[in-house]
Amino acid sequence: MSAAPALTTLATPATAAKLARIGLRTLDDLALHLPLRYEDETRLTAIADLRPGVPAQIEARVVEASVQYRPRRQLVARVRDASGELALRFLNFYGSQLKQLAPGVCLRIFGEPRGGFLGDEMVHPRYRLVGAGETLAQAMTPVYPATAGLSQLALRKCIGLALEQADLSETLPEPLRKQLKLAPFADSVRLLHHPTPDIALADLVDRAHPAWRRIKFDELLAQQISLRRAHEARRAKTAPPLPARGALTKKLLAALPFQLTAAQRRVWGEIGRDLGQPYPMQRLLQGDVGSGKTIVAALAMLQAVENGYQATLMAPTEILAEQHWRKLSQWLAPLGLEIGWFSGSLKKREKAAMAEAVACGRLPLAIGTHALIEETVDFHCLGLAIIDEQHRFGVRQRLTLREKGANPHQLMMSATPIPRTLAMSYYADLDVSVIDALPPGRKPVLTKLVAEARRDEVIARIRDACAQGRQAYWVCPLIEETGAGGGGQKLQLQAATDTFERLRAALPELNIGLVHGRLKADEKARVMDGFVAGDIQLLVATTVIEVGVDVPNASLMVIECAERFGLSQLHQLRGRVGRGADDSVCILLYAAPLGEAARARLKIIYESADGFEIAREDLRLRGPGEFLGSRQSGVPLLRFADLEADADLLDAARETAERMLRAFPDAAERHVARWLGSRRELLKV
Ligand code: ADP
Ligand code: MG
């Protein structure tokens with residue numbers, strides 16, 4: 001199954017390395033690297049028949065070519081066929097191209113025509129010199145997803161060779177294939193790489209062609225088979241059963257100043273049931289910002305403690321971890337429970353003492369940052385590991401926390417709502433609970449888009465709000481990391497300090513605090529405490545406050561250079577306000593003029609308050625990689641099928657997976673190897 005070296009039979013090591021960069025490591029990977037679209041070079045279009053925006057191939061002779069200097073240096077060639085004339089424009093070109101395009105030379109040109117300033121033109125068309133009567137392509141020309149340094153031509157060549165060498169035999173047992181009325185696999189793959197001219201391009205492009213259906217089915221089938229296997233493998237593991245005993249959870253519920261919402265009760269039911277099973281829970285708890293995930297986590301932790309086991313909760317930032325620690329301490333102290341605290345800023349001696357108390361089991365609970373997964377931390381009997389804002393952690397870190405116990409139950413929480421279907425396409429085996437309603441009494445946050453030029457009005461607004469006893473956040477502009485030297489962080493800090501000083505000068509009557517990632521932990525805690533207590537009225541902050549921070553009296557937020565933030569990030573930030581009884585406002589300051597894309601994004605955040613909808617849009621605009629965070633996104637398990645649009649195929653695949661595992665286990669194995677062979681490691685998390 002070590003198919004990786006196989007690619008050296010068709011590519012140089014350098015090319016193989018580039019292929020690997022886009023996840024192509026085996027012959028099967030190449031065979032399944034299907035075109036994004038096609039170009040029709042099977043026919044010629046007369047220049048007179050060209051339509052703007054419709055890519056086409058023409059054959060024409062060069063009339064003249066020259067380098068022009070206005071508006072910028074460019075190579076312009078005029079070509080003509082029997083029907084008319086067209087300009088070809090190249091903004092990047094080699095000197096040799098001018099010589100090549102000598103008058104009278106015959107070219108075959110492929111490109112997208114558009115109406116230019118001086119008549120019709122193609123910008124950067126592909127072209128090559130042809131002799132008279134040279135034959136046309138017999139099949140559509142595939143255009144593949146590529147990467148820098150890997151040309152379409154090179155990809156086509158490698159894939160062509162792979163199609164000859166790869167094993168394209170059926171993995172789907174014939175009776176099942178017939179019953180499902182699916183096209184044969186090998187034919188489908190070949191057809192999608194090289195469709196003949198008689199096939200309607202529209203069917204290929206919208207992936208409705210039977211060949212696409214077969215590919216999508218196979219992909220879903222591989223996912224379903226591996227999902228089932230991972231699920232079974234998990235059930236074969238032994239975890240401590242932690243059934244609901246109610247001794248502690250009931251007490252906590254009775255002491256809370258609020259009632260759980262129906263949505264919270266439902267997910268708590270799901271989690272509580274999972275904990276009682278003798279195999280490890282692996283569940284993702286999703287809920288929009290402010291939906292109340294923390295209390296559910298606290299209940300789950302108590303259920304572990306009721307059963308004599310330990311539980312731990314890890315959060316990505318010190319501010320958030322500490323807030324959890326305080327909140328839970330406040331909830332659980334009346335029950336006689338003490339919570340261990342782990343953070344990077346603890347003194348060595350304190351950390352050792354905490355670690356000792358957790359290792360001997362004296363402390364049933366521990367909360368902290370990454371400090372929890374240090375080697376020195378060991379649990380006596382860890383029954384439940386919870387990770388808050390799980391998308392902020394890498395796969396490795398999640399595994400390390402889990403390994404602090406013997407197959408403990410695992411709960412991951414996220415307020416960046418990954419659409420369920422996306423979660424399913426990234427995680428091989430994961431149950432999902434969703435809190436789909438906010439606690440009662442929340443008022444929607446009014447969002448305003450304000451141009452940077454009106455900054456003074458915004459400052460006046462803060463003055464008014466604070467004069468009325470409210471509090472406000474001012475979020476500093478996000479500065480992209482530039483280079484490896486961490487220059488971005490330094491600039492970020494600079495921007496935050498500048499903003500802080502300017503606001504201090506503009507609002508001398510206010511007590512203003514500043515928090516950023518570089519602040520020492522005790523400094524950070526002092527500022528946050530001041531803000532929570534209401535002594536600090538305006539908190540200037542970097543995105544360190546993005547997750548979790550909960551100060552109900554803060555009802556105004558200003559986000560500077562909002563256009564630089566991701567949508568989900570803006571939504572998270574905005575979620576810091578609207579937590580109390582007052583009407584809340586979030587002002588998105590932007591630097592005019594806004595680009596088209598930035599305008600579209602801000603419009604979404606302005607119009608929608610629904611985290612899931614925003615996440616979907618974010619996903620649409622930015623793609624899943626960036627959305628999930630590069631550290632963990634990896635390669636999606638699904639590239640072709642769409643769990644929503646192809647729901648019928650998904651049902652069929654689910655059923656078929658079960659039948660194959662039962663009646664044709666070898667075929668099932670072969671099928672998964674074909675589709676996920678080089679991505680096995682993904683299935684383990
Ligand atoms: P998130 O899901 O974003 O982590 P939190 O757990 O921080 O949300 O909850 C946000 C706020 O809502 C907290 O102040 C919390 O105490 C409060 N809260 C949680 N559940 C309820 C409820 N059922 N009724 C009223 N307030 C609640
Ligand atoms: Mg939270």
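Scroll up to find the structure this text is about.
What comes next is a walk through the structure. Source: prediction; values computed, not measured.

### A look at the packing of helix α6 (residues 185-193) against helix α8 (residues 210-236)
Turning to step 1, where the next piece is worked out: At their nearest, the axes of α6 and α8 sit 9 Å apart, and the two run at 115° to each other. Handedness of the α6/α8 crossing: left-handed. Of α8, the residues touching α6 (which contributes Phe185, Ser188, Val189, Leu191 and Leu192) are Ala211, Trp212, Arg214, Ile215 and Asp218.
Turning to step 2, where the next piece is worked out: Broken down by class, the residue content of the contact of α6 with α8 amounts to seven nonpolar, one polar and two charged.

### Details of the environment of Leu449
Turning to step 1, where the next piece is worked out: Relative to the assigned elements, Leu449 resides in strand β17 (residues 446-451).
Turning to step 2, where the next piece is worked out: Sequence spacing of Leu449 and His194 is 255 residues, and the spatial spacing of their C-alpha atoms is 49 Å.
Turning to step 3, where the next piece is worked out: Not counting residues within four places of it along the chain, the set of residues in contact with Leu449 comprises Leu588, Tyr590, Leu602 and Tyr606.

### Focus: the packing of aromatic side chains
Turning to step 1, where the next piece is worked out: Applying the stated criterion across every chain, the model contains five aromatic pairs.
Turning to step 2, where the next piece is worked out: When the centroid spacing of 6.3 Å and the interplanar angle of 75° are considered together, the rings of Phe640 and Trp675 count as edge-to-face. Note that Phe640 is positioned in the loop between α23 (630-633) and α24 (647-663) and Trp675 in helix α25 (residues 665-676), a separation of 35 residues in sequence. Each member of the pair, Phe640 as well as Trp675, carries the same accessibility label: buried.
Turning to step 3, where the next piece is worked out: Aromatic ring contacts, followed pair by pair, group Trp212, Phe640 and Trp675 into a single cluster.

### Details of the sheet that holds strand β8 (residues 126-129)
Turning to step 1, where the next piece is worked out: Overall, mixed pairing links the seven strands, which are arranged β6-β7-β4-β3-β2-β5-β8 in an open sheet. Of all the strands in the sheet, the pair left with one neighbour each is β6 (113-116) and β8. Strand-to-strand twist in this sheet, taken as the mean axis angle between neighbours without regard to direction, amounts to 40°.

### Here we look at helix α12 (residues 318-332)
Turning to step 1, where the next piece is worked out: Over its 15 residues, α12 extends 20 Å from the first C-alpha to the last, a length consistent with the 21 Å expected when each residue adds 1.5 Å.
Turning to step 2, where the next piece is worked out: Of the residues making up α12, those classed as buried are Glu318, Ile319, Leu320, Ala321, Glu322, His324, Leu328, Trp331 and Leu332.
Turning to step 3, where the next piece is worked out: On its buried side, α12 packs onto α9 (249-255), α11 (293-306), β11 (310-314), β12 (339-342), β13 (365-368) and α18 (521-533).

### Quick word on the site of ligand 1
Turning to step 1, where the next piece is worked out: Neighbouring residues of ligand 1: 17 residues in total, closest Gly290, Lys293, Thr294, Arg442 and Asp550.
Turning to step 2, where the next piece is worked out: The contact in question runs from an oxygen atom of ligand 1 to an N or O atom on the backbone of Gly290, over 2.6 Å.
Turning to step 3, where the next piece is worked out: A distance of 3.4 Å separates an oxygen atom of ligand 1 from a polar backbone atom of Ser291.
Turning to step 4, where the next piece is worked out: Protein chains shield 85% of the accessible area of ligand 1, which is 560 Å² for the free molecule.
Turning to step 5, where the next piece is worked out: A class-by-class count of the residues in the shell around ligand 1 yields four nonpolar, seven polar and six charged.

### Observations concerning the nonpolar core
Turning to step 1, where the next piece is worked out: Membership of the largest hydrophobic core comes to 52 residues, with the highest contact counts inside it found for Leu10, Leu19, Leu30, Leu192, Ile215, Leu220 and Leu221.
Turning to step 2, where the next piece is worked out: Breaking this core down by element, the ones donating at least two residues are α2 (27-31), α4 (152-165), α6, α8, α24 and α25.
Turning to step 3, where the next piece is worked out: When residues in this core are grouped by element, the largest group, eight residues, is from α8.
Turning to step 4, where the next piece is worked out: Residues in contact with Leu10, not counting those within four places in the same chain, are Leu27, Leu30, Cys158, Leu161, Ala162 and Gln165.
Turning to step 5, where the next piece is worked out: With 42 residues, the next largest nonpolar core counts Leu242, Trp268, Leu337 and Leu384 among its residues.

### What to know about the sheet that holds strand β19 (residues 512-515)
Turning to step 1, where the next piece is worked out: An order of β17-β22-β21-β18-β20-β19 is seen for the six strands of this open sheet, with the pairing classed as parallel. Of all the strands in the sheet, the pair left with one neighbour each is β17 and β19. Ignoring strand direction, the axes of neighbouring strands in this sheet form an average angle of 20°.
Turning to step 2, where the next piece is worked out: Pairing geometry for strand β18 (residues 471-475) and strand β20 (residues 538-541), over four bridges, is parallel. Residue Val475 lies in a different strand from β20, and its bridge partner there is Ala541.
Turning to step 3, where the next piece is worked out: Of the strands in this sheet, β18, β19, β20 and β21 (554-559) are in contact with α18, which crosses β19 at around 140°.
Turning to step 4, where the next piece is worked out: In the packing of helix α20 (residues 596-607) onto the sheet, contacts are made with β17 and β22 (585-590), and the angle to β17 comes to roughly 150°.

The rules behind these values
Residues numbered from 1 in each chain as written. Chains lettered and ligands numbered in written order. Predicted model: local features only at pLDDT ≥ 70, side-chain atom pairs only at ≥ 80, totals over all residues. Heavy atoms only, no water. Axes fitted to C-alpha atoms, helices over the stretch in contact; angles between N-to-C directions. Helix = DSSP H or I, 4+ residues; strand = E, 2+ residues; numbered from the N terminus. Left-handed = near helix turned anticlockwise from the far one by under 90°. Contact = heavy atoms within 4.5 Å. Nonpolar A, V, L, I, M, F, W, Y, C, P; charged D, E, K, R; others polar. Phe/Tyr/Trp six-rings, centres within 6.5 Å; stacked < 30°, edge-to-face > 60°. Buried < 20%, exposed > 50% of the residue type's maximum accessible area, 1.4 Å probe, protein only. Pairing = 2+ DSSP bridges. Expected span 1.5 Å × (residues − 1). Near = heavy atom within 4 Å. Polar contact = N/O pair within 3.5 Å; in protein donor to acceptor, adjacent residues only side chain to side chain. Areas by Shrake-Rupley, 256 points an atom, 1.4 Å probe, with all protein chains shown as cover. Core = buried A, V, L, I, M, F, W, Y, C linked by side-chain atoms within 4.5 Å.

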